[in-house]
Every structure is written in structure tokens, then in C-alpha cells.
Amino acid sequence: MPNKIPVGVLGATGAVGQKFVKLLENHPWFELTELAASDRSTGKKYAEATTWRQYTPIPEQVKDRLVKPCEPTLDCRLVFSGLDSSVAGEVEENFARAGYFVLSNSRNHRMDDDVPLLVPEVNPDHLDLIRSQRVKRGWSGAIVTNPNCSTIGLVMPLAPIHRAFGVKRLVVVTMKALSGAGYPGLSAIDMLGNVVPYIGGEEEKVETEPLKILGKLDGDAIRFADFPISAHTNRVFVEDGHMECVSVELEKKATPDDIAHVLSTFRSLPQELRLPSAPERPVIVTAERDRPQPRFDRDAGNAMSAVVGRIRECPVFDIRFTVLSHNTVRGAAGAAILNAEIMKAQKYFD
Ligand SMILES: NC(=O)c1ccc[n+]([C@@H]2O[C@H](COP(=O)([O-])OP(=O)(O)OC[C@H]3O[C@@H](n4cnc5c(N)ncnc54)[C@H](OP(=O)(O)O)[C@@H]3O)[C@@H](O)[C@H]2O)c1
């Protein structure tokens, strides 16, 4: 379609890259024109370069397309990046310098002062950082990031709770799915019948990223939210869908019913703007006593909603609950596409 915006995917052969390819297949605003990955894949047809692991067939229009190197000569306006973090930092900068908008999943630039760490339902105003990013770095393009796949599940319920009652401190225990480690990822022998209580760098991300996202834009800087987060992160034998158990102490007292009300009525700009990938309800509250569960709830709201259950009083803090979100959709490719949608709606690509 001539009026769609041409887009590319960097790291198109990986777990997140495949999800981009799948979600962009029939996107109303974006047309996937370019696929790029490492030297291992360059020059091959996409279907040969990638081990397709989605439950729908590889899209016809990309099957035979040649994978290109991650160089800023791609024929598109913006690039979605699912690059391995060992290379993402420099490659994404090269693209932004050359005038591309880069929607990144990698950790490399998330905490840079001048880079938005965006969750469109929570901090759409942080997109203003693009202005100072371009001036400071002399770029004609820009980098916008989405958070770590556990941070997003935590922040979606936390934002309305923090706004209504103020968060004083919190403890979160994550149970992260196998697909969060990419493909082929971890060895089945290491994971079968097992839980691994360590994921390198993960606790630091979950303890810091929410504070930037919930921070206030003050001129050209973000004033971080000011409360401590203690995170335990675990890898569990689940295919997709990250679970998190959260205990939170509040500034203003609230009952479980108050929390359920605030979460289930939470709506924001993406819903008002009716963005194509925006879920009708960013947070879905379930009253069933044994939900959410990854197998049954990860696809809620087209895998773009966070599902919260087991909201109850906490004898140590004030409130505790469990939240589930789909790590490769809301936690990665879907999040970056929603970021691009809000940027288009706000005329960044005009
Ligand atoms: N999986 C998740 O749930 C998730 C969630 C949020 C964020 N992330 C982040 O998203 C990024 C991708 O994760 P993933 O799970 O999709 O990893 P993955 O399956 O290992 O895919 C990595 C991709 O990076 C490409 N790549 C590796 N080295 C390269 C190089 N030197 N030059 C160019 N491309 C190179 C690979 O291309 P080849 O196939 O050609 O090697 C592949 O396309 C990571 O930064 C990760 O932390 C992942």
C-alpha cells in the first residue's frame, strides 16, 4: 500500500525479530520492507536464515526476501531492533545518526538520560526527550526504547497504583519464561524440572527501569521516581509469559477492592487514540483464585494486556498481587510497535 510507512527489522532472525515479522504482517500503518541480521544470515532468503518458531506460517511476502546486513542503507524510514545486546548499542546509534527512527528492545540505551524508555500508557510525555537527544548528539534520527520484558509487566499495574496511592517500597519475584532468553536459548537439560534463580543483569534492570518510567519529565531530564524496589528473578520451565509476584507498601492506605478498581478502570492515551496495537484494557483484573497462569492468560488483549490476579492484603507490606504479561509481545515486539504507533499519531514521522 503506497501510504504505509516502510519499516525494517534489525535482528529479524531472532525470537523477537520473528515476532516483529509476524505482528507487522498485516499492520495498517507500517509495511515491512527490510530484514537485517548478522553475517551468518546476510545474503540468505529469510526462510532459510531463520528457524521459524511462530504458530502461524512464515508470511509469504517475506519468505524469499534476502536478509541484509545491519547497515544504515536500508530502504525504510524506521527500524525495529531485536538485536542482541552485544551489538545493539553501536548499530542502533549508526542508524539514528543516519536519520532513522530506531525502536529498540535492547538494554543498551534504555537508561541514557536523553533516550525515552517508553510505555505509551504510562509516560507518553517522555517522547519529548527526542528533541534534546537530537540536539545533543547531532542526529537527524532518534532512538526510543521499550523496557525489559519483566519491567513492563510490573509497571503497567504499578503506574495507576502509584498515581492513586503512592508507592513507598516494593518487593517483586519474577518467574521468567524460556523464550525470554532468545532462540535456541537455554539447554533443555539445564531447564527440565528446574528453576534457575539467577538471570545476569536482570535484577538491576527491574530495580531501576520502573523508576525512570514513573519519573517526571522536568525540562530536558527525567526526575526518577523515588522508592526502593527489591527484585528476585528466576527462569522457569514455561515457554512464553512472565509471571511476577509483587508486594507493595503504599503512602495512602488502600483495600484490595480499591486496587482492583484503580487497575480495571485504568485507560490512557493509546486507548483514547485507538492505536492499532493498543489493548482495550491495559490491565485486566481476574478474580479467579488461581489465575493468572501463563498458558491461559498470556494472550489476553492480543497479548498486549497485563493480567493481574490474587490481589490481597499483605501482612508485611500493604498489598500483594500476581501479574502476567507476554514477554515477546507486550515485553518486546508488540511494545516497540505500539511505541511507533503513538509516535506516528503524534506526527514524529511526518
Ligand atoms: N526474548 C525476549 O522475550 C526479549 C524481551 C525483551 C527484550 N529482548 C531483547 O531483544 C534483543 C533480542 O533478543 P532475542 O531473544 O530475539 O535474541 P535472539 O533470538 O538471540 O536473536 C538475536 C538477533 O540478533 C542478531 N545478531 C546477533 N549478533 C549480531 C551481529 N553481530 N550483527 C547483527 N545482528 C546480530 C541475530 O542474527 P543471526 O540470526 O544472524 O545471528 C538475531 O537476529 C536482546 O537485546 C534481548 O535482550 C528480548
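Just so you know, these numbers come straight off a predicted model, no measurement behind them.

Thresholds applied
- Residues numbered from 1 in each chain as written.
- Predicted model: local features only at pLDDT ≥ 70, side-chain atom pairs only at ≥ 80, totals over all residues.
- Heavy atoms only, no water.
- Helix = DSSP H or I, 4+ residues; strand = E, 2+ residues; numbered from the N terminus.
- Rg over C-alpha atoms; globule rule 2.2 N^0.38 Å.
- Buried < 20%, exposed > 50% of the residue type's maximum accessible area, 1.4 Å probe, protein only.
- Contact = heavy atoms within 4.5 Å.
- Areas by Shrake-Rupley, 256 points an atom, 1.4 Å probe, with all protein chains shown as cover.
- Pairing = 2+ DSSP bridges.
- Near = heavy atom within 4 Å.
- Polar contact = N/O pair within 3.5 Å; in protein donor to acceptor, adjacent residues only side chain to side chain.
- Arc of directions from axis to C-beta.
- Axes fitted to C-alpha atoms, helices over the stretch in contact; angles between N-to-C directions.
- Parallel < 35°, antiparallel > 145°, perpendicular 65-115°, else oblique.
- Left-handed = near helix turned anticlockwise from the far one by under 90°.
- Nonpolar A, V, L, I, M, F, W, Y, C, P; charged D, E, K, R; others polar.

1. Considerations on the overall build of the protein chain
Logical step 1: Assigned secondary structure in the protein chain consists of 13 helices and 15 strands.
Logical step 2: Computed over the C-alpha atoms, the radius of gyration of the protein chain is 19 Å, within 12% of the 20 Å expected from 2.2 N^0.38 for a compact globule of 350 residues.
Logical step 3: Seen through its principal axes, the protein chain has C-alpha atoms that stretch 60 × 50 × 35 Å.
Logical step 4: Going through the 350 residues of the protein chain one by one, you find that 56% of them count as buried.
Logical step 5: Considering only residue pairs separated by 6 or more positions, the protein chain has 75% of its internal contacts joining residues 24 or more positions apart.
Logical step 6: Split by element, the accessible area of the protein chain, about 15400 Å² in all, is 49% carbon and sulfur.

2. Digging into the sheet that holds strand β13 (residues 283-285)
Logical step 1: Pairing in this open sheet of seven strands is mixed, and the strands run β8-β11-β7-β12-β15-β14-β13 from one edge to the other. Looking at which strands have only one partner, the edges of the open sheet turn out to be β8 (195-196) and β13.
Logical step 2: Both strand β7 (residues 167-176) and strand β12 (residues 242-250) contribute to a ladder of eight bridges, which runs antiparallel. Within the sheet, the bridge partner assigned to Val171 lies in β12 and is Ser247.

3. Brief notes about the pairing of strand β14 (residues 306-313)
Logical step 1: Pairing analysis gives three bridges linking β13 to β14, with the strands arranged parallel. Looking at the pairing, Val285 lines up with Val308 of β14.
Logical step 2: Here β14 pairs with strand β15 (residues 319-325) via five bridges, running antiparallel. Bridge assignment links Val308 to a residue of β15, and that residue is Val323.

4. Considering unusual backbone geometry
Logical step 1: For the bond from Tyr183 to Pro184, the omega torsion is 0°, close enough to zero to count as cis.
Logical step 2: That bond from Arg291 to Pro292 is cis: its omega, 10°, falls within 30 degrees of zero.
Logical step 3: Relative to the helices and strands, Pro292 resides in the loop between β13 and α11 (294-297).
Logical step 4: Residue Arg310 is not a glycine yet carries a positive backbone phi of 55°.
Logical step 5: Mapped onto the fold, Arg310 is located in strand β14.
Logical step 6: Look at Arg310 and you get partly exposed, because its relative accessible area is 38%.
Logical step 7: Of note in this structure, Lys347 is not a glycine but carries a positive phi near 65°.
Logical step 8: Tracing the backbone through its elements, the reader meets Lys347 in the segment after α13 (329-345).
Logical step 9: Owing to a relative accessible area of 57%, Lys347 belongs among the exposed residues under this scheme.

5. Here's the deal with the site of the ligand
Logical step 1: Not every one of the 27 residues close to the ligand is listed here, only the nearest: Thr13, Val16, Ser38, Arg40 and Ser41.
Logical step 2: Within the side chain of Asn327, a nitrogen or oxygen atom sits 3.2 Å from an oxygen atom of the ligand.
Logical step 3: Taken together, the elements giving at least two residues each to the shell around the ligand come down to α1 (15-23), α4 (85-97) and α13.

6. Describing helix α5 (residues 129-137)
Logical step 1: All buried positions along α5 are accounted for by Leu129, Ile130, Ser132 and Gln133. Within α5, the buried residues cover an arc of 165° as seen down the axis, which keeps them to one side. Exposed and facing more than 90 degrees away from the buried side of α5 are Arg131 and Val135.
Logical step 2: Positive backbone phi, approximately 70°, marks Gly138, located one or two places after α5.

7. Let's talk about the sheet that holds strand β4 (residues 78-81)
Logical step 1: With parallel pairing, six strands are arranged side by side in an open sheet as β3-β2-β1-β4-β5-β6. Both outer strands of the open sheet, β3 (68-69) and β6 (142-145), are each paired with one neighbouring strand and no more.
Logical step 2: Inspection of the sheet shows strand β5 (residues 101-104) paired to β6 by four bridges, in the parallel sense. Bridged to Phe101 within β6 is Ala142.
Logical step 3: Against the sheet, α13 makes contact with β1 (5-10), β2 (30-37), β4, β5 and β6, and its axis sits at roughly 145° relative to β5, the strand it touches most.

8. A few points about the packing of α1 against α13
Logical step 1: Look at α1 against α13: their axes get within 9 Å of each other, and the N-to-C directions meet at 50°. The orientation of α1 relative to α13 falls into the category oblique. In this structure, α1 crosses over α13, and the sense of that crossing is right-handed. Mapping the contact onto sequence places Val16, Lys19, Phe20 and Leu23 in α1 and Val329, Ala332, Ala333, Gly334, Ala336 and Ile337 in α13.
Logical step 2: The class makeup of the residues in the contact of α1 with α13 is eight nonpolar, one polar and one charged.

9. So, the environment of Phe317
Logical step 1: Considering the arrangement of structural elements, one finds Phe317 in the loop between β14 and β15.
Logical step 2: Spatially, the C-alpha atoms of Phe317 and Val248 are 5.7 Å apart, while their sequence positions differ by 69 residues.
Logical step 3: If we ignore the near neighbours within four places in the chain, the residues touching Phe317 are Arg169, Leu170, Val171, Ser247, Val248 and Glu249.

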